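Each chain, letter by letter, is given below.
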Amino acid sequence: MQFPYWIIILLIITTCKSNISNTSDNVCYDQEVTTTPVNTSYLAPVTETVWQYCWTFRIPPKCPVDVVHLEKRTKTENITRVSNIATCCPGYQENDERCVPTCDPHCSHGTCSAPYTCSCAIGYSGAHCG
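Since this is a predicted model, take the numbers as computed values, not measurements.

*Asks:* Tell me about the overall build of the protein, and name the residues and values.
*Replies:* Secondary structure summary: the protein contains one helix and six strands in total. N-terminal to C-terminal, the α/β element order of the protein is α-β-β-β-β-β-β. Counting every position in the protein, which comprises 130 residues, the buried fraction comes to 15%. Taking all contacts inside the protein whose residues are at least 6 apart in sequence as the whole, residues at least 24 apart take part in 53%.

*Asks:* Could you give an account of unusual backbone geometry, with specific residues and numbers?
*Replies:* Trans is the common state for peptide bonds, and a negative phi is the common state for residues other than glycine. The omega angle of the peptide bond from Ile59 to Pro60 is -5°, so this bond is cis rather than trans. Mapped onto the elements of the fold, Pro60 is located in the loop between strand E1 (27–53) and strand E2 (62–88). Following Asp104, the chain continues into Pro105 via a peptide bond in cis, with omega recorded as 5°. One non-glycine residue, Asp96, adopts positive backbone phi at about 55°.

*Asks:* So what's going on with the state of the cysteines? Which residues, and what values?
*Replies:* One pass over the structure, following the stated rule, counts six disulfides. Sulfur-sulfur distance for the disulfide between Cys54 and Cys63 comes to 1.7 Å. Judged by the sign of its S-S torsion, about 70°, the bond between Cys54 and Cys63 is right-handed. Between the sulfur of Cys103 and that of Cys112 lies a disulfide, 2.0 Å long from S to S. In this structure, the disulfide formed by Cys103 and Cys112 twists by about 85° around the S-S bond and is classed as right-handed. Owing to a relative accessible area of 8%, Cys103 belongs among the buried residues under this scheme. Going through the protein in sequence order and numbering each bonded cysteine, the pairs you get are 1-5, 2-3, 4-6, 7-9, 8-10, 11-12.

Conventions and cut-offs
- Residues numbered from 1 in each chain as written.
- Predicted model: local features only at pLDDT ≥ 70, side-chain atom pairs only at ≥ 80, totals over all residues.
- Heavy atoms only, no water.
- Helix = DSSP H or I, 4+ residues; strand = E, 2+ residues; numbered from the N terminus.
- Buried < 20%, exposed > 50% of the residue type's maximum accessible area, 1.4 Å probe, protein only.
- Contact = heavy atoms within 4.5 Å.
- Disulfide = S-S within 2.5 Å.

Structure (structure tokens):
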């Protein structure tokens, strides 16, 4: 039986989908289910009737004998795989392989410290540090 190289290819494709570091904060995971049809081979028993010479009063002196042998067959199986895809949690967006908070609209004179929360610079106040 041959090694199913499609498994390696599938692993490479699913691990390359996201650049987010699994160790960074605010990472959530979405599950993706993929089903792939794969041809597999197996051996199936096949019964064949052959006529062999035997002690009998028939002419010609042959008797039916069932012979079982194995034949290679192919069938299609569906392989189902569940992959965990790293994505940023709601209120965060990907930036340099990390999930950073988003503020909409942007903080005018400050930084976005949490989702939709601005930390204003000295001398500024308000929801968007305006």
